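Below, each chain spelled out in residue letters.
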Amino acid sequence: MSRTIAILTGGGDCPGLNAVIRGVVRSATLARDWRVIGIEDGFDGLVGEPRWRELTLESVRGILPRGGTILGTSNRGNPLAYPVEENGVTRMVDLSTEVVGNFRDLGADALIAFGGDGTLKIARTLQEKGIPMVGVPKTIDNDLRGTDVTFGYNTAVGIVTEALDRLHSTAESHHRVMVVEVMGRDAGWIALESGRAGSADVILIPEIPFDLNAVCSAIQQRKERGSRFSIVVAAEGAFPMDGQKVVQLAESENRGVERLGGIGAFVADEITRRMQVETRVVVLGHVQRGGTPSPFDRILGSRFGVKAVELIEQGRYGRMVSLQGRRVCDVDIDEAVDSLNRVEPDGDLVKSAEALGIMLGRAI
Ligand code: F6P
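Now for a look at the structure at hand. All figures in this text were calculated on a predicted structure; none of them were measured in a lab. Along every chain, residues carry numbers that run from 1 in the direction the sequence is written. Where local features are concerned, this predicted model is filtered to residues with pLDDT of at least 70; where side-chain atom pairs are given and counted, the filter is 80 or more; whole-chain, interface and lining totals use all residues. Computation of side-chain values covers all heavy atoms of the structure but excludes hydrogens and water.

1. Side note on the nonpolar core
Rules: Throughout, nonpolar core names a set of buried Ala, Val, Leu, Ile, Met, Phe, Trp, Tyr and Cys residues whose side chains join them through atoms within 4.5 Å. Exposure categories follow from relative accessible area, calculated using a 1.4 Å probe and restricted to protein chains: below 20% of the type maximum is buried, above 50% is exposed, and the middle band is partly exposed. For the purposes of this entry, the term helix denotes a DSSP run of H or I that reaches at least four residues, the term strand denotes a run of E that reaches at least two, and both are numbered from the N terminus. Where each domain starts and ends follows an automatic or database-derived domain assignment. What makes two residues a contact is simply this: any of their non-hydrogen atoms within 4.5 Å.
Among the nonpolar cores identified, the biggest contains 85 residues, and I21 and I271 are the most heavily contacted of them. Ranked by residues supplied to this core, first place goes to helix α4 (residues 153-174) with 8 residues. Taken together, domain 1 (4-151 + 293-325) and domain 2 (155-289 + 344-355) each give at least three residues to this core, which thus spans both. In this structure I21 touches I7, T9, L55, V60, I63, T69, I70, L71 and F114, once residues within four positions along its chain are discounted.

If you want it as structure tokens, here you go:
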């Protein structure tokens, strides 16, 4: 049976999105002769005059190694709470009826939404309102449940690890403490895994509120053992035991999305003040999300694309593709978005880091 499927990429971009797009288009077109259309800029593309384009084998040629998303994305376009300005006042309006109507007008049978928890929560609601939906888990933060890993995360960990390797030689030459702030929102996965791979001395994650005295003691102990430099990795969502995370923009100032940033500078200032050592702060920022995906993310993204098309063929809507062990399977979208996947403070990944002498922000 011939079908038309629509796809969109929502939330912050991440490496591997184009691999999924290519995976969907190739498996839908080559194996099934289906039509694929791409909605532009996430759910924003279904608000007002719909913005979309045909996706053919030609349109996905050569995109496997490309970062970003050829469809564009938005991490602020929530059609369930869409900011509309009237007489100088901004009101949040539910545009789901318009979005469902626009989707129906496209003549598509189903929609595949690639996104993190924000996008997949919207997808779940729109599925309830009548859009047959399949989700694909995407985010460098790796904070989605229902899958062992999200695509994009592996690339981000690789980028941060390379940065840490490079920072070691300059930190050591100048006998400095380098504080490296990394992304991840309220989950410490990027900080923890790249910090471990990049041989950080201190790793601060949101799941373990940190004790600044203990952090300074760890740096002092290294000094006494002959290492006159230290590398501290701070997740953007990390916060001190007696304080709060550092927010650049509150949800209300940034169309419903809190913008984190600044914990690295806070930690560096405190270390300088308490220890009279020279510190520098490196904020890796969007470098972690940009550029070419790792081989792992290219393959995972491609497998997810193929699986999403299979789910549509089987009429299994409301599902999200997922990696479990080495197998690509699927779970209910609810399972993925009901709570965040965060690092277990007493899990093996943390405990074994501590056993290796890495300081996780707490005295042990
Ligand atoms: O969710 C992905 C992510 O990169 C977070 O790690 C980070 O906090 C946020 O997006 C940054 O968003 P923006 O692109 O709006 O600055």
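2. With respect to the site of the ligand
What counts is decided by this rule: Whether a residue is near a molecule or strand is decided by its heavy atoms; if any one of them lies within 4 Å of it, the residue is near. Within 3.5 Å is the distance limit for a polar contact, defined as a pair of N or O atoms, with the added protein rule that one can donate a hydrogen and the other accept it, and that residues adjacent in sequence qualify only through two side-chain atoms. Method for areas: the Shrake-Rupley scheme with a 1.4 Å probe, in which residue coverage is limited to the protein chains shown. Under the convention adopted here, Pro, Cys and the residues Ala, Val, Leu, Ile, Met, Phe, Trp and Tyr are nonpolar, Asp, Glu, Lys and Arg are charged, and Gly plus all remaining residues are polar.
Taken together, the residues surrounding the ligand are N75, R76, I140, D141, M183, G184, R185, E236, H286 and R289. Contact between the ligand and N75: an oxygen atom at 2.9 Å from a side-chain N or O atom of the residue. For the ligand, an oxygen atom lies 3.1 Å from a polar atom in the backbone of G184. In isolation the ligand has 400 Å² of accessible area, and contact with the protein removes 85% of it. Classifying every residue of the shell around the ligand gives 2 nonpolar, 3 polar and 5 charged.

3. Notes on unusual backbone geometry
Even without being glycine, D33 reaches a positive phi, approximately 65°. Turning to its location among the elements, D33 is positioned in the loop between α1 (17-30) and β2 (35-39). In this model, Q276 sits at a positive phi of 50°, which is unusual for a non-glycine residue. With respect to the helices and strands, the residue Q276 is situated in the loop between α7 (263-275) and β13 (279-283). In this structure Q276 comes out as exposed when scored by relative accessible area, which is 66%.

4. A word on the environment of G45
Secondary-structure assignment places G45 in the loop between β2 and β3 (52-55). For G45, a relative accessible area of 0% corresponds to the buried category. On a C-alpha basis, the gap between G45 and G315 in space is 24 Å, while along the polypeptide they are 270 residues apart. Residues within four places of G45 in sequence aside, it is in contact with I39, E40, P50 and R51.

5. What to know about the packing of aromatic side chains
The way to describe two aromatic rings as a pair is by their centre distance and the angle between their planes. To keep it simple, the criterion reads: Between rings of Phe, Tyr and Trp, where Trp is taken as its six-membered ring, a pair exists when centres lie within 6.5 Å; planes separated by under 30 degrees are stacked, by over 60 edge-to-face, and by other angles tilted. Charge-over-ring placement is defined geometrically: NZ (Lys) or CZ (Arg) within 6 Å of the ring centre, and within 35 degrees of the ring normal.
As enumerated under the stated definition, the model contains 1 aromatic pair in all. Between F151 and F304, the ring centres sit 6.4 Å apart and the planes meet at 70°, which makes this aromatic pair edge-to-face. With F151 in the loop between β7 (133-137) and α4 and F304 in helix α8 (residues 295-313), the pair connects residues that are 153 residues apart, well separated along the chain. Take F304: its relative accessible area is 0%, and that puts it in the buried class. Sitting over the face of the ring of W34, R32 holds its NZ or CZ atom 5.6 Å from the ring centroid.

Scope: geometric values only; no functional claims are made or implied.
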